[in-house]
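Listed here are the chains, written in short residue letters.
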Amino acid sequence: MRKLMKTTTSALAALAIAGSVAQAAEVEVLHWWTSGGEAAALNVLKGDLESQGIGWQDMPVAGGGGTEAMTVLRARVTSGDAPTAVQALGFDILDWGAQGALADLNEVAAQEGWDDVVPAALQAFAKYDGKWISAPVNVHSTNWVWANKAVLDANGIAVPETWEDFVAAVETLSAAGVTPIAHGGQAWQDATVFDAVAMSTGGPDFYKAAFIDMDEEALGSDTMKQAFDRMAFIRANVDDNFSGRDWNLATAMVINGEAGFQMMGDWAKGEFLNADKVPGQDFLCFRFPGTQDQVTFNADQFMMFDQGGVVSEEQAALASAILSPSFQSAFNVVKGSVPARTDVSDADFDACGKQGMKDLAAAAASGNLFGSMAHGHANPAGVKNAIYDVVTAHFNGEYDSETAVEELVDAVSIAQ
Ligand code: BGC
């Protein structure tokens, strides 16, 4: 494969021999992969590049979901010092594309046939004006539940299929003195749970109308009020110290048997694997009850900032490495996500990864694949942040469900 990669690799080897010029063969990568599982996955990418003689300058910005990373990015770009490569999600990528800030990756994309192997749902966020402007690393999805198997077994709880089953399971754990739900009270985590709860409460048409079409009627509906009521039930079943907790510490509570469930995207699996836990044996992964046929996805991509008109050799090499089938398998096996190409075998993936790949293909085929609101794939950042504010204020008891619905309608209308 990859003629360009070969040229690039030998060019870089020549640079390395040239000594001082070798400094140039480096990428600065801004990202928010700072938890144990995320760092393990990032090492796969670092290792891949280093094996090609490309140095890695790390620019981590802690904060799940990337809100803080995007703030740092804006400051860097404003001061004329954009990093070479930046982790980004959905509408944020299109926004930078519209500003003309990103390098054109069409040459590497054409040489490697990205058009044929990257799913359409991802291409919609990786191309602007016909040009590839970012390299998709993975596909995550947010409508997952992670459970401690021993805790469920000890309490006679089977995998809940419906919201009512879930309520019963939570009540059983609560009565047994176990924290039913591990949660970190940060806006993006509240919103991640809301993705799944809204989908489960109203179904795919409702999710699309409310979050993707931003339809006032759906946003202000009784169904939305019911979704907020379900969020209040979840709030009533987290522990007292949930506020501000990082997502991976909530995952650790499930790993350690201090809590039964966590509702979180499949990056949570990276934490279980990093703690040497085995799916089906130590932990269970299943779709949020009532969303078994749907997938709310988000895809991490790397945008390459324009370094003066052309894509640099290091940027092309990074983009090429990211899309290579072997990297897509090796990285996503560790990260908890699934490949951003449709032609990668599931052989190396564990049971949750295999299910993730199957669910993604089935949802795409049946029209049940939707961008995650919480992770920037349903609407632009301004609207997303407006929804975050309302969901979090309600979760923290500032609004009752009826008020939350009214606030949501107003906030989304103002933010558009
Ligand atoms: C990203 C994941 C990341 C998670 C938590 C999500 O927005 O897509 O890659 O692991 O945030 O940091």
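Peer 1: So what's going on with the overall build of the chain? Which residues, and what values?
Peer 2: Each helix and strand in the chain was counted, giving 19 helices and 14 strands. Against the globule reference of 22 Å for 416 residues, the chain gives a C-alpha radius of gyration of 21 Å, in line with a compact fold. Taken along its principal axes, the extent of the C-alpha atoms in the chain is 70 × 45 × 40 Å. Across the 416 residues in the chain, those meeting the buried criterion constitute 56%. Put simply, of all contacts in the chain between residues at least 6 apart along the chain, 76% involve residues at least 24 apart. As displayed, the chain has an accessible area near 15500 Å², and 49% of this comes from carbon and sulfur atoms. Distance between charge centres in the chain, computed from 22 positive and 55 negative side chains, equals 7 Å.

Peer 1: Run through the site of the ligand, naming residues and quoting values.
Peer 2: Taken together, 14 residues lie around the ligand, and Glu-38, Asn-298, Asp-300, Lys-335 and His-375 are the ones closest in. Contact between the ligand and Trp-33: an oxygen atom at 2.8 Å from a side-chain N or O atom of the residue. Here an oxygen atom of the ligand and a side-chain polar atom of Lys-335 are 2.8 Å apart. Surface burial for the ligand is 100%, taken as the share of its 310 Å² of free accessible area covered by protein chains. Judged by the proximity of its atoms to the pocket grid, the ligand belongs to the largest cavity. Considered class by class, the residues forming the shell around the ligand number five nonpolar, six polar and three charged. Built from parts of two domains, the shell around the ligand gets at least three residues from each of domain 1 (2-139 + 299-352) and domain 2 (141-297 + 362-415).

Peer 1: Kindly report on the state of the cysteines, identifying the contributing residues and their values.
Peer 2: Tallied over the full model, the rule gives one disulfide. Covalent S-S linkage joins Cys-285 and Cys-352, the inter-sulfur distance amounting to 2.2 Å. For the disulfide bridge between Cys-285 and Cys-352, the dihedral angle about the S-S bond is near -105°, and by the sign convention the bridge is left-handed. Residue Cys-285 is found in strand S11 (residues 283-287), and its partner Cys-352 is found in helix H17 (residues 351-366); the two are separated by 67 residues along the sequence. A residue is classified by how much of its surface remains accessible, and Cys-285, at 14% relative accessible area, is buried. Cys-352 sits in the buried class, given a relative accessible area of 4%.

Peer 1: Explain the packing of aromatic side chains residue by residue, including any values.
Peer 2: This model, assessed by the stated rule, comprises 23 aromatic pairs. By the ring-pair criterion, three or more aromatic residues cluster together here, those being Trp-163, Phe-166, Phe-233, Phe-261, Phe-286 and Phe-288. Against the face of Trp-144 rests Arg-287, its NZ or CZ located 3.8 Å from the ring centre.

Peer 1: Tell me about the nonpolar core, and please be specific about residues and values.
Peer 2: One finds Trp-146, Phe-194, Phe-211, Met-224, Phe-228 and Phe-261 to be the most contacted residues of the largest nonpolar core, which totals 75 residues. Top contributing element to this core by residue count: helix H10 (residues 187-212), with 13 residues. Other than its neighbours up to four places away in sequence, Phe-228 contacts Phe-194, Val-390, Val-391, His-394, Ser-401, Ala-404, Val-405 and Leu-408. Formed by 45 residues, the second largest nonpolar core is a distinct cluster that contains Leu-45, Val-117, Phe-331 and Leu-360.

Peer 1: Before we move on, could you go through the domain arrangement of the chain and cite the residues and values that matter?
Peer 2: For the chain, the assigned domains are domain 1 (2-139 + 299-352) and domain 2 (141-297 + 362-415). For domain 1 versus domain 2, the distance between C-alpha centres works out to 29 Å. At the junction of domain 1 and domain 2, the tally comes to one salt bridge. In this assembly, domain 1 and domain 2 are joined by seven residue pairs in polar contact (both at pLDDT 80 or more). The leading source of residues in the side of domain 1 that touches domain 2 is helix H2 (residues 36-50), at four residues. The residue makeup of the side of domain 1 that touches domain 2, split by class, is 12 nonpolar, nine polar and four charged.

Peer 1: With reference to specific residues and values, describe the pairing of strand S12 (residues 295-298).
Peer 2: Burial of S12 is two-sided: the residues Val-295 and Phe-297 facing one way and the residues Thr-296 and Asn-298 facing the other way are all buried. The pairing of strand S7 (residues 140-141) with S12 spans two bridges and is antiparallel. Within S12, the position partnered with His-140 by the bridge is Asn-298. Both S12 and strand S14 (residues 369-371) contribute to a ladder of three bridges, which runs parallel. Residue Thr-296 lies in a different strand from S14, and its bridge partner there is Phe-370.

Peer 1: Can you lay out H10 for me, pointing to particular residues and giving the numbers?
Peer 2: Helix length check: H10, at 26 residues, gives a terminal C-alpha distance of 19 Å against a target of 38 Å (1.5 Å per residue), a shortfall beyond 12%. Of all bends in H10, the biggest is about 125°, found at Gly-203, and the proline Pro-204 comes one to four residues later. A large share of H10 lies buried, amounting to 20 of its 26 residues. Directly after H10, the chain includes Met-214, whose backbone phi takes a positive value near 55°.

About the criteria used
Residues numbered from 1 in each chain as written. Predicted model: local features only at pLDDT ≥ 70, side-chain atom pairs only at ≥ 80, totals over all residues. Heavy atoms only, no water. Helix = DSSP H or I, 4+ residues; strand = E, 2+ residues; numbered from the N terminus. Rg over C-alpha atoms; globule rule 2.2 N^0.38 Å. Buried < 20%, exposed > 50% of the residue type's maximum accessible area, 1.4 Å probe, protein only. Contact = heavy atoms within 4.5 Å. Areas by Shrake-Rupley, 256 points an atom, 1.4 Å probe, with all protein chains shown as cover. Lys, Arg positive; Asp, Glu negative; His and termini not counted. Charge placed at Lys NZ, Arg CZ, Asp CG, Glu CD. Near = heavy atom within 4 Å. Polar contact = N/O pair within 3.5 Å; in protein donor to acceptor, adjacent residues only side chain to side chain. 1 Å grid on protein atoms, 1.4 Å probe; cavity = no way out; pocket = protein on both sides within 12 Å on 5 of 7 lines; lining within 4 Å. Sits in = over half its atoms within 2 Å of the grid points. Nonpolar A, V, L, I, M, F, W, Y, C, P; charged D, E, K, R; others polar. Domains from an automatic or database assignment. Disulfide = S-S within 2.5 Å. Phe/Tyr/Trp six-rings, centres within 6.5 Å; stacked < 30°, edge-to-face > 60°. Lys NZ or Arg CZ within 6 Å of the ring centre and 35° of its normal. Core = buried A, V, L, I, M, F, W, Y, C linked by side-chain atoms within 4.5 Å. Salt bridge = Lys/Arg side-chain N within 4 Å of Asp/Glu carboxyl O. Pairing = 2+ DSSP bridges. Expected span 1.5 Å × (residues − 1). Bend = angle between axes of the 7 residues up to and from the residue.

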